[in-house]
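Chain and residue survey
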Amino acid sequence: PAQALAKRLAAIPAGEGSRRLQEQLAVLAHAGGQGQNQDQLFGAYTEFLKTLAGQHPLLLILDDLHWADISSINLLFHLALRVGESRILIVGAYRPEDVVLSRDVQEHPIKGVLGELKRHFGDIWVDLDQGEQGESRSFVDALIDSEPNRLGERFRGELFHHTQGHALFTVELLRDMQERGDLMLDEMGQWNESPNLGWDTFPAKVEGVIEKRIGRLDADLQEALAAASVEGEAFTAEVIARVLKVEEQALVRQLSGELDKQHRLVRASGIERLGTQRLSHYRFRHNLFQRYLYNGLDEVERAYRHEAVGIELEELYAHQPEKLEAVAGQLARHF
């Protein structure tokens, strides 16, 4: 509102810079209050920021862009193309999986803008899921060491295995273990493992995030992931295709397309040849995804699915006895 802007302007010291700011803020107030068209408002806002940047470099951090409305995204695009040589750095953060909407909803408005920004500015993405494992492990260690503790390598490695350094998962799992007594403070005020330490309980916030991501999938994709969770954190597309009685290439397309590139729930980890048979290996991006899906199966369903996975594995390796030893442990577990 213009009245609120006027009060804040009164605190700005006199000078050429402040005079320009006052003029531009007045334009902003007028444009916002008089229903002027969007271009005028965006132009005034851009000039206002460029004037500020003439006095001090500006860093604009826009978090949760996956929740931004169309007007905000349009303003971001306008700014990005018009700040020119001004000392302005715009950093936007968003979750790719939340940009993927259900098939009944039109394409998320940010997708087209992101493509245009990439066309104009080149390689401007930093994919936090593709960081070095050492960096993710360093985060886990730093989080643990933010409080006095006697937690050794075994615990740290297990925490990293379950969360892969995912910030929300790591923070919430560590906090939940402290609250429920799996980690205890000793007389020196240091965190220690309790004798009953377990990894099977999901913090409510983590479970909510995973449930939302799995819940947006089509039923056939959920079924494929549930079957994959039985084979384990690492699984084989051809085995799951045979268990589900679906075409192998179709399942591979779903895994590498929707479930990897769009929903970021799994990732390809390599191809193996077993005679004339190709085996396509995948992994869940986080151990917690696999555990959530597996825990959703009751005891009877698990037994049937383990048997089905074991039978298909045994059949695939039946004609390659020299390689059978490599899956002997898996077969024992499934049967």
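Up top is the structure these notes are about.
Throughout what follows, the structure given in this document is the object of discussion. The model shown is predicted, which means the values in this text are computed figures rather than measured ones.

As for the nonpolar core
Ile210, Leu225 and Val266 are the most contacted members of the largest nonpolar core, which totals 26 residues. At the level of elements, helix 10 (204-215), helix 11 (219-231), helix 12 (237-244), helix 13 (248-262), strand 7 (277-284) and helix 14 (287-295) are the ones that each hand at least two residues to this core. Within the second largest apolar cluster, 13 residues are counted, among which are Val140, Ile144, Leu174 and Leu197.

Observations regarding the pairing of strand 6 (residues 266-274)
Alignment of strand 6 against strand 7, held across 8 bridges, turns out to be antiparallel. Bridge pairing in strand 7 places Arg273 opposite Arg278. Hairpin geometry of strand 6 and strand 7 is characterised by an intervening segment of 2 residues between the two adjacent antiparallel strands and by a positive phi of about 70° at Gly275.

As for unusual backbone geometry
A positive phi angle, close to 55°, is found at Asp64, a residue other than glycine. Among the structural elements, Asp64 can be located in the loop between strand 1 (58-62) and helix 4 (70-82). The backbone of Arg264 shows a phi angle near 55°, a positive value even though the residue is not glycine. Residue placement: Arg264 occurs in the loop between helix 13 and strand 6. Overall, the relative accessible area of 10% leaves Arg264 in the buried class.

Quick look at a nonpolar patch on the surface
Nonpolar side chains collect at one region of the surface, where Leu59, Ile61, Leu89 and Val91 lie side by side and expose about 390 Å² of accessible area between them. Here Leu59 lies in strand 1.

A closer look at the environment of Thr46
Of note, Thr46 is situated in helix 3 (residues 38-55). Residues within four places of Thr46 in sequence aside, it is in contact with His78, Leu79 and Arg82.

Examining the packing of helix 12 against helix 15 (residues 299-317)
Two packed helices can be described by the angle between their axes and the distance between those axes. The N-to-C vectors of helix 12 and helix 15 enclose an angle of 120°; their axes lie 9 Å apart at closest approach. When the interaxial angle is binned, helix 12 and helix 15 end up oblique. Once helix 12 is placed against helix 15, the crossing between them reads as right-handed. Of the residues in helix 15, those touching helix 12 at Val239, Arg242 and Val243 are Ala308, Val309, Glu312, Leu313, Glu315 and Leu316. Here the residues of the contact of helix 12 with helix 15 sort into 6 nonpolar, no polar and 3 charged.

Regarding the environment of Asp69
Looking at where Asp69 falls in the secondary structure, it is placed in the loop between strand 1 and helix 4. Since its relative accessible area comes to 43%, Asp69 is described here as partly exposed. A C-alpha to C-alpha distance of 7.9 Å links Asp69 and Pro109, two positions 40 residues apart in sequence. Here the side chain of Asp69 touches Ser72 through a polar contact of 2.7 Å, side chain to side chain.

Description of the packing of helix 8 (residues 153-163) against helix 14
Relative orientation of the contacting elements helix 8 and helix 14 amounts to 70°, with a least axis distance of 5 Å. One way to sum up the angle between helix 8 and helix 14 is to call them roughly perpendicular. Note on element contacts: helix 14 touches helix 8 through Asn287, Leu288 and Arg291, opposite His161, His162 and Thr163. Classifying every residue of the contact of helix 8 with helix 14 by side-chain character gives 1 nonpolar, 4 polar and 1 charged.

A few points about the side chain of Gln290
With respect to the element layout, Gln290 can be found in helix 14. Relative accessible area serves as the criterion here: at 11%, Gln290 is assigned to the buried category. Within the structure, Gln290 has its side chain in polar contact with the backbone oxygen of Ser229 (distance 2.9 Å). Once residues within four sequence positions are removed from consideration, Gln290 is found in contact with Ser229, Gly232, Glu233 and Phe284.

Analysis parameters
Residues numbered from 1 in each chain as written. Predicted model: local features only at pLDDT ≥ 70, side-chain atom pairs only at ≥ 80, totals over all residues. Heavy atoms only, no water. Core = buried A, V, L, I, M, F, W, Y, C linked by side-chain atoms within 4.5 Å. Buried < 20%, exposed > 50% of the residue type's maximum accessible area, 1.4 Å probe, protein only. Helix = DSSP H or I, 4+ residues; strand = E, 2+ residues; numbered from the N terminus. Pairing = 2+ DSSP bridges. Patch = residues over 30% accessible without salt bridge, like charges linked within 9 Å, V, L, I, M, F, W, Y side chains within 5 Å. Areas by Shrake-Rupley, 256 points an atom, 1.4 Å probe, with all protein chains shown as cover. Salt bridge = Lys/Arg side-chain N within 4 Å of Asp/Glu carboxyl O. Contact = heavy atoms within 4.5 Å. Axes fitted to C-alpha atoms, helices over the stretch in contact; angles between N-to-C directions. Parallel < 35°, antiparallel > 145°, perpendicular 65-115°, else oblique. Left-handed = near helix turned anticlockwise from the far one by under 90°. Nonpolar A, V, L, I, M, F, W, Y, C, P; charged D, E, K, R; others polar. Polar contact = N/O pair within 3.5 Å; in protein donor to acceptor, adjacent residues only side chain to side chain.

Remember, this is a structural readout, not a statement about activity or role.
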